[in-house]
Amino acid sequence: MKTIRRLIYVEVVQAVAFVSLGFLALFFFFDFVDELPNLGKGGIQPYRMTQALLYVALRMPSHLYELLPIAVLIGTIFVMARFAQSSEYTILRTSGLGPWRALRALLLLGFGFTVLTVLTGDYLTPLSDRTAQLLKARMDGALSVGTTGAWLKERQRYFSYNVNVKSLSPEGQLLGIRIFEGDSRGYLVSLTQAARGSFADDGAWVLENVDRTEFGSGDASRVQHIKLPTLRWPTEITQEMVAVALLKPERMSTIALFQYIQHLEANSQTSQRYEIEFWRKVFYPLSCLVMVVLALPFAYLHFRSGGITSYVFGGVLIGISFFLLNNVFGYVGNLQNWVPWIAAGAPGLLYMLLSLGAFVWLVLRR
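Residues numbered from 1 in each chain as written. Predicted model: local features only at pLDDT ≥ 70, side-chain atom pairs only at ≥ 80, totals over all residues. Heavy atoms only, no water.

### Focus on the pairing of strand E5 (residues 188-199)
Okay, so step 1: Pairing of strand E4 (residues 174-182) with E5 involves eight bridges; the strand directions are antiparallel. Across the sheet, residue Ile-177 finds its bridge partner in E5, namely Ala-194.
Okay, so step 2: Counting the residues in the hairpin turn of E4 and E5 gives five residues, including Gly-186, whose phi is positive at 90°.
Okay, so step 3: What sits between the antiparallel neighbours E5 and strand E6 (residues 205-215) is a turn of five residues, in which Gly-203 has the positive phi angle 95°. (Pairing = 2+ DSSP bridges. Helix = DSSP H or I, 4+ residues; strand = E, 2+ residues; numbered from the N terminus.)

The following block contains the structure:
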C-alpha cells in the first residue's frame, strides 16, 4: 500500500503544482498588464518597472491561496481520469486498493493541501499583501479606503471614542487622525486632531502636531483650543486593527479577524461581515478535502478511447460552480443576517455530500 500511495501522491502533487504554476503565470501576466499604465507616475519617486514587477510578485501568494483548491481539483481529476483511461487504476484495485482505502489515501493527501492552504492564507498572504500595499502606497503617497478613511470605535471606563484614520503611510504611520471623545451620556467632550501618529511599544498611540479642542458643559460651558507637539493616547486599538479597517477582510489572517470581531462586539458594533469572512477562512482550507473527494469518482469512469479533456473541463466547471456558490452564500448571508458559520460552511458541506453520493453510487453500480 505504501508503494501505491506514493505513486498516487507523486502524480497528484506534480499535477497540482503544474496547474498552480500555470494559473499563477496567467495571473502574473494579467496583473502586470494592469500595472503598466501606472509606470512613470508618482511625482518625486516615479513608479518604475522593477517596482511593478515586485508588486505583482508580492500578489502571487494571495492568488495561490485563492487557486489552491481548484488546482487540487483539476490536478486530481486529471490523474484519476488518466489512471482510469490507461487501466492503471484497475490494476491498482486488483493490487488491493479498495474504494475506501482510496478514499482514505486521498483524504490524507487533501489534508496535506489543507495545511498548505492554511499556512499560505494565514501567514504568507497577509505579510505579502501588506508589503505590496505599502509598496503601492509609495506611488500614491498613502494607503486609504473611501473618501474619509477608516473609522474605529472604542469604549473605555468612563469615555467612548470614535476614531478616524484617513490613511496609512508607506512607513506604516497613521495620517490624518481625528479622535472624537464622548462621555457616558453621549455628549462630545473633546476633539483631537493630529497630522501623524505612530505606535509605542506598549500599544499606545503617539500623536504628532496635535490640535485638541475641549468642550465644557453646564453654566461654565466654553471651548478651549490646545496645540501640542506630541500627545500620548492609551488605547487598545492596535496597528493590526487599523490595517484591518483599511484593507479588505479577506486579506486578513484568521487570528486578526477573530481579534477584530471581539473588538467590534466589545464596542457594540456590527460584525456580521467579518464573522462570515472569519468562518470562510476557517472552512476554506477544508475545501481541499472536498476537491479530492469530488475527483475520486473520475477513477471509476471506465473508458479506453478518447482524451480526458472533457473530464478535466467538467472538473473546472464543478470547481467554478463551488466557488460561485461560496461567494453567493457569503453575500446573501451578510444581507439576510444568516448564522455566519452556516453561510460560510453550507457550500462545502453540500458539495461534500454530493461527491460522497457520486462515489458511493459509482462503487455500488460498478
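Still more to cover.
### What to know about unusual backbone geometry
Okay, so step 1: Its identity as a non-glycine residue notwithstanding, Asn-209 has a phi of 50°, on the positive side.
Okay, so step 2: Along the chain, the position of Asn-209 falls in strand E6.
Okay, so step 3: Residue classification places Asn-209 among the exposed residues on the basis of a relative accessible area of 56%. (Buried < 20%, exposed > 50% of the residue type's maximum accessible area, 1.4 Å probe, protein only.)

### Points about helix H8 (residues 272-283)
Okay, so step 1: Taking 1.5 Å per residue, 12 residues should reach 16 Å; H8 reaches 16 Å between its end C-alpha atoms and fits that length.
Okay, so step 2: Those residues of H8 that sit buried are Gln-272, Tyr-274, Ile-276, Glu-277, Phe-278, Arg-280 and Lys-281. (Expected span 1.5 Å × (residues − 1).)

### Section: the nonpolar core
Okay, so step 1: With 55 residues, the main nonpolar core has Ile-8, Met-80, Tyr-89 and Leu-296 as its most contacted residues.
Okay, so step 2: Counting residues per element, the ones that place at least two in this core are helix H1 (2-35), helix H2 (49-58), helix H3 (60-85), helix H4 (88-94), helix H5 (99-140), helix H9 (287-295), helix H10 (309-336) and helix H11 (340-365).
Okay, so step 3: Not counting chain neighbours up to four residues away, the residues in contact with Tyr-89 comprise Phe-83, Ala-84, Leu-97, Ala-102, Leu-296, Ala-299 and Tyr-300.
Okay, so step 4: In terms of nonpolar packing, the next biggest core, distinct from the first, is built from 23 residues, Leu-168, Ala-194, Leu-207 and Phe-278 among them. (Core = buried A, V, L, I, M, F, W, Y, C linked by side-chain atoms within 4.5 Å. Contact = heavy atoms within 4.5 Å.)

### Observations concerning the pairing of strand E3 (residues 160-168)
Okay, so step 1: Across six bridges, the pairing between strand E2 (residues 150-155) and E3 is antiparallel. Note that in E3 the partner of Trp-151 across the bridge is Asn-164.
Okay, so step 2: Pairing geometry for E3 and E4, over eight bridges, is antiparallel. Residue pairing in the sheet places Val-163 in a bridge with Ile-179 of E4.

### Some points on H1
Okay, so step 1: Helix length check: H1, at 34 residues, gives a terminal C-alpha distance of 48 Å against a target of 50 Å (1.5 Å per residue), a fit within 8%.
Okay, so step 2: Where H1 is concerned, the buried positions are Ile-4, Ile-8, Tyr-9, Val-12, Ala-15, Val-16, Val-19, Ser-20, Leu-24, Asp-31, Phe-32 and Glu-35.

### Focus on the packing of aromatic side chains
Okay, so step 1: Scanning all chains against the criterion turns up 11 aromatic pairs.
Okay, so step 2: Ring geometry for Phe-329 and Trp-338: centres 5.8 Å apart, planes at 65°, overall edge-to-face.
Okay, so step 3: Overall, the relative accessible area of 22% leaves Phe-329 in the partly exposed class.
Okay, so step 4: Look at Trp-338 and you get partly exposed, because its relative accessible area is 34%.
Okay, so step 5: Taken together, Tyr-161, Phe-199, Trp-205 and Trp-233 form an aromatic cluster joined through their ring pairs. (Phe/Tyr/Trp six-rings, centres within 6.5 Å; stacked < 30°, edge-to-face > 60°.)

### Concerning the confidence of the model for the chain
Atom-level detail of predicted coordinates should not be read off regions where pLDDT is low.
Okay, so step 1: Overall, the predicted model of the chain reaches an average pLDDT of 81, with 88% of residues at or above 70.
Okay, so step 2: H1 holds the highest mean pLDDT among the elements of the chain, 90, whereas strand E1 (residues 143-144) holds the lowest, 58. (pLDDT = per-residue confidence, 0-100.)

### A closer look at the packing of helix H7 (residues 254-266) against H8
Okay, so step 1: One way to put it is that H7 packs onto H8 with a least axis distance of 10 Å and a crossing angle of 155°. Relative to H8, the element H7 lies roughly antiparallel. Seen from above, H7 lies across H8 with left-handed handedness. Side by side, H7 and H8 meet where Thr-254, Leu-257, Phe-258, Tyr-260, Ile-261, Leu-264 and Glu-265 of the first sit next to Tyr-274, Glu-275, Glu-277, Phe-278, Lys-281 and Val-282 of the second.
Okay, so step 2: Here the contact of H7 with H8 is built from residues that sort into eight nonpolar, one polar and four charged. (Axes fitted to C-alpha atoms, helices over the stretch in contact; angles between N-to-C directions. Parallel < 35°, antiparallel > 145°, perpendicular 65-115°, else oblique. Left-handed = near helix turned anticlockwise from the far one by under 90°. Nonpolar A, V, L, I, M, F, W, Y, C, P; charged D, E, K, R; others polar.)

### Notes on the pattern of salt bridges
Okay, so step 1: Counted by the stated rule, this structure contains seven salt bridges.
Okay, so step 2: We note a salt bridge from Glu-11 to Arg-82, for which the minimum N-O separation is 2.6 Å. Of this pair, Glu-11 sits in helix H1 while Arg-82 sits in helix H3, placing them 71 residues apart in sequence.
Okay, so step 3: Using a relative accessible area of 24% as the deciding quantity, one classes Arg-82 as partly exposed.
Okay, so step 4: Two residues, Glu-277 and Arg-280, come together in a salt bridge whose shortest N-O distance is 3.9 Å. Placement of both Glu-277 and Arg-280 in helix H8 is noted, with a separation of three residues, approximately one turn of the helix. The pair formed by Glu-277 and Arg-280 is uniform in burial state, with each residue classed as buried.
Okay, so step 5: In the salt-bridge network here, residues are joined through shared partners; they are Glu-181, Arg-212 and Glu-214. (Salt bridge = Lys/Arg side-chain N within 4 Å of Asp/Glu carboxyl O.)

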